[in-house]
Amino acid sequence: MDRDKLARQFTEAIPHARALSMTIDHLGEGVAEMSMPYDARFIGAPETGVIHGGAVSALLDTCCGASVVCHPASKGGTATIGLRIDYMRAATPGQAIRTRAECYHVTRSVAFVRATAMDDDTDRPVATATGTFTVEAG
Amino acid sequence: MSEGSFVKPRGGRPEPVQVIKQRRDAALGALVHGVPYIQFLGIEFDRRGDELTAILPFDDKLIGNPLLPALHGGVTAAFLEVTAIIGLSWASLWEEIESGRIDAQTLVAGNLPRLPKTIDFTVDYLRTGLPRDAYARAKVNRSGRRYASVHVEAWQDNRARAFAQATGHFLMPRLEG
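Attention in this report is confined to the structure presented alongside it. Predicted model, so just to flag it, every value in this text is computed and none were measured.

**Here we look at the overall build of chain B**
Part 1 of the reasoning: Along the backbone of chain B there are four helices and eight strands.
Part 2 of the reasoning: What you see in chain B, going N to C, is helices and strands ordered as α-α-β-β-β-β-α-α-β-β-β-β.
Part 3 of the reasoning: For chain B, whose C-alpha radius of gyration is 17 Å, the value lies close to the compact-globule estimate of 16 Å for 177 residues.
Part 4 of the reasoning: With respect to the three principal axes, the spread of C-alpha positions in chain B is 60 × 35 × 30 Å.
Part 5 of the reasoning: Relative to its 177 residues, chain B shows a buried fraction of 45%.
Part 6 of the reasoning: The contacts in chain B between residues at least 6 apart in sequence include a share of 61% that link residues at least 24 apart.
Part 7 of the reasoning: By element, 50% of the accessible surface of chain B is carried by carbon and sulfur atoms, the whole surface being about 9,300 Å².
Part 8 of the reasoning: When the 22 basic and 20 acidic side-chain charges of chain B are each reduced to a single mean position, those positions are 5 Å apart.

Now the structure itself:
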């Protein structure tokens with residue numbers, strides 16, 4: 001099975017990714033782009049309608065994992081070791097969140113990833129993430 | 001020591017313990033149930049005095065790896081972040097309610113305080129999250145007028161074996177008035 005199809009199936013088989021209506025927009029070598037539509041159930045600040053940071057974290061984590069799985073050196077699944085997220089601003093209510101993750105280095109045991117989350121204003125990121133992920137022993 | 005024994009009598013007469021409990025639980029309930037995403041994940045909070053324990057009852061939609069199966073890393077991060085934000089908000093709200101500056105009834109009526117905003121959040125994944133209930137507690141390491149630093153630990157069957165921990169910085173809401 002080709003790597004793209006594997007990564008697509010892998011992510012679509014994740015119940016929590018489905019629960020948050022996440023979709024894969026693009027997969028490349030060590031690169032993944034995913035999005036999550038605006039949904040009133042994911043609101044974290046009721047007075048403004050801004051999406052909860054936790055939902056953005058879940059999308060970033062999934063997108064980072066997908067970029068690891070579709071890296072040429074990856075042999076299968078992965079799990080998060082550590083994830084740091086910086087929140088630059090509130091996402092605009094009503095707009096989808098889009099993330100792009102890049103797995104920029106892989107050793108025998110660890111994959112290093114950075115990712116960005118945006119809404120419609122692509123010049124000003126909503127959040128950035130850096131993460132480390134496990135690499136399955138081949 | 002029973003609940004309420006620290007409370008200074010209001011208006012000269014000690015309040016019955018049930019009145020105190022009911023007021024505190026109503027305030028906490030309003031804070032937690034006012035946030036749609038907390039409801040979506042199904043997180044509840046157990047209160048013992050001022051100490052909160054967050055509970056994430058297991059649900060199939062929280063699964064990240066159906067083969068193991070294991071909790072989604074994003075669920076774990078979100079659970080920790082919710083616990084940190086509610087823990088931080090509750091700590092400052094507690095003072096306001098106990099001193100009488102905020103009336104719990106106004107909270108229940110929907111006049112909720114703005115929640116702290118996450119500046120950054122760093123999660124350590126220590127073990128696989130198993131397909132069962134999870135618990136978490138937050139410790140506010142510093143809470144200033146503008147910034148706060150909070151540490152959170154989450155566990156499942158065994159309190160001494162955390163499956164994840166996190167540290168985050170938060171921007172405190174501006175006090176009104």
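Read on for the rest.
**Here's the deal with the interface of chain A and chain B**
Part 1 of the reasoning: Each side of the interface is counted separately: chain A has 30 residues, and chain B has 31 residues.
Part 2 of the reasoning: Summed over both sides, the interface of chain A with chain B buries roughly 2,300 Å², with 60% coming from carbon and sulfur.
Part 3 of the reasoning: Of all residues in chain A, H16, H52 and Y87 of chain A give up the largest surface area on contact with chain B, accounting jointly for 24% of the area buried on that side.
Part 4 of the reasoning: One salt bridge connects R84 of chain A with D120 of chain B, and the closest N-O pair in it is separated by 3.5 Å.

**Section: the nonpolar core**
Soluble globular proteins tend to pack their nonpolar side chains together in the buried interior.
Residue and element names in this part refer to chain B.
Part 1 of the reasoning: Among the nonpolar cores identified, the biggest contains 86 residues, and I43, F45, W90 and F121 are the most heavily contacted of them.
Part 2 of the reasoning: Of all the elements, helix α3 (residues 73-98) adds the most residues to this core, at 14 residues.
Part 3 of the reasoning: With residues near it in sequence (within four places) discarded, W90 still touches R24, A27, L28, L31, R47, D50, L52 and I97.

**Points about the packing of helix α3 (residues 53-69) of chain A against α3 of chain B**
Part 1 of the reasoning: Between α3 of chain A and α3 of chain B, the shortest axis-to-axis distance is 8 Å and the interhelical angle comes to 155 degrees. It follows from the interaxial angle that α3 of chain A and α3 of chain B lie roughly antiparallel. Considering the relative orientation of α3 of chain A and α3 of chain B, their crossing is right-handed. Contacts between α3 of chain A and α3 of chain B involve G53, G54, S57, A58 and D61 of chain A on the former and, on the latter, G73, G74, A77, A78 and E81 of chain B.
Part 2 of the reasoning: When the residues that make up the contact of α3 of chain A with α3 of chain B are grouped by side-chain class, the tally is three nonpolar, five polar and two charged.

**Concerning the pattern of salt bridges**
A side chain with one charge can pair with a side chain of the opposite charge if their charged atoms come near.
Residue and element names in this part refer to chain A.
Part 1 of the reasoning: Inspection of every chain in the model, using the stated rule, returns 17 salt bridges over all chains.
Part 2 of the reasoning: Note that R100 and E33 form a salt bridge whose closest N and O atoms lie 2.7 Å from each other. Taken together, the residues span a long stretch of sequence, with R100 in strand β6 (residues 97-106) and E33 in strand β2 (residues 31-36) at a distance of 67 residues.
Part 3 of the reasoning: Residue classification places R100 among the partly exposed positions, given a relative accessible area of 39%.

**Examining the pairing of strand β5 (residues 80-87) of chain A**
Part 1 of the reasoning: Looking at chain direction, β5 of chain A and strand β8 (residues 127-134) of chain A are connected through seven bridges and run antiparallel. The residue bridging T80 of chain A from the neighbouring strand is F133 of chain A, located in β8 of chain A.
Part 2 of the reasoning: Pairing geometry for β5 of chain A and strand β5 (residues 117-125) of chain B, over five bridges, is antiparallel. Each residue of the ladder has a partner; that of L83 of chain A, found in β5 of chain B, is V123 of chain B.

**Overview of the packing of aromatic side chains**
Part 1 of the reasoning: Inspection of every chain in the model, using the stated rule, returns six aromatic pairs over all chains.
Part 2 of the reasoning: Both rings, one in F42 of chain A and one in F40 of chain B, keep their centres 5.0 Å apart while their planes meet at 65 degrees; by these two values the pair is edge-to-face. Within this pair, whereas F42 of chain A is found in the loop between β2 and β3 (43-45), its partner F40 of chain B is found in helix α2 (residues 36-41), the two belonging to separate chains. Each member of the pair, F42 of chain A as well as F40 of chain B, carries the same accessibility label: buried.
Part 3 of the reasoning: One aromatic cluster in this structure is built from F42 of chain A together with Y37 and F40 of chain B.
Part 4 of the reasoning: Over the aromatic face of Y104 of chain A sits the side chain of R114 of chain A, whose NZ or CZ is 4.0 Å from the ring centroid.

How each quantity is defined
What you see as residue numbers is a count from 1 along each chain, following the sequence as written. By the order in which they are written, chains take letters starting at A while ligands take numbers starting at 1. Thresholds applied to this predicted model are a pLDDT of at least 70 for local features of residues and 80 or more for the giving and counting of side-chain atom pairs; totals over whole chains, interfaces and linings are not thresholded and use all residues. To obtain the side-chain values, all non-hydrogen atoms of the structure were included, while hydrogens and water were left out. The way it works is that DSSP assigns letters per residue, a run of H or I at least four long becomes a helix, a run of E at least two long becomes a strand, and they are numbered from the N terminus. All radius of gyration figures rest on C-alpha atoms, and the globule criterion is 2.2 Å times the number of residues raised to 0.38. Burial classes follow relative accessibility: with a 1.4 Å probe on protein chains only, a residue under 20% of its type's maximum area counts as buried, one over 50% as exposed, and anything between as partly exposed. Contacts are residue-level and defined by heavy atoms, with any inter-residue pair within 4.5 Å sufficient. Surface accessibility in these figures is a Shrake-Rupley result with a 1.4 Å probe; residues are shielded only by whichever protein chains are displayed. Neither His nor the chain ends is counted toward charge; the positive residues are Lys and Arg and the negative residues Asp and Glu. For the purpose of locating charges, the reference atoms are NZ of Lys, CZ of Arg, CG of Asp and CD of Glu. Two parts placed together each lose some accessible area under a 1.4 Å probe, and the buried area is that loss summed for both. The term salt bridge refers to a pairing of a side-chain nitrogen on Lys or Arg with a carboxyl oxygen on Asp or Glu at a separation within 4 Å. Here, nonpolar core refers to any group of buried Ala, Val, Leu, Ile, Met, Phe, Trp, Tyr and Cys residues whose side-chain atoms link them within 4.5 Å. Lines fitted to C-alpha atoms define the axes, with helix axes restricted to the stretch in contact, and inter-axis angles between N-to-C directions lie between 0 and 180 degrees. Convention used here: angles under 35 degrees read as roughly parallel, angles over 145 as roughly antiparallel, angles from 65 to 115 as roughly perpendicular, and any remaining angle as oblique. Whether a crossing is left-handed or right-handed is set by the direction in which the near helix is turned from the far one by less than a right angle, anticlockwise for left-handed and clockwise for right-handed. Here the term charged refers only to Asp, Glu, Lys and Arg, the term nonpolar to Ala, Val, Leu, Ile, Met, Phe, Trp, Tyr, Cys and Pro, and the term polar to all other amino acids, Gly among them. For two strands to count as paired, DSSP must find a minimum of two bridges between them. Stacked, edge-to-face and tilted are the three classes for Phe, Tyr and Trp ring pairs, Trp counted by its six-membered ring, which pair at centre distances within 6.5 Å; planes under 30 degrees apart are stacked, over 60 edge-to-face, the rest tilted. Any Lys NZ or Arg CZ found within 6 Å of a ring centre and within 35 degrees of that ring's normal is scored as a charge over the ring.

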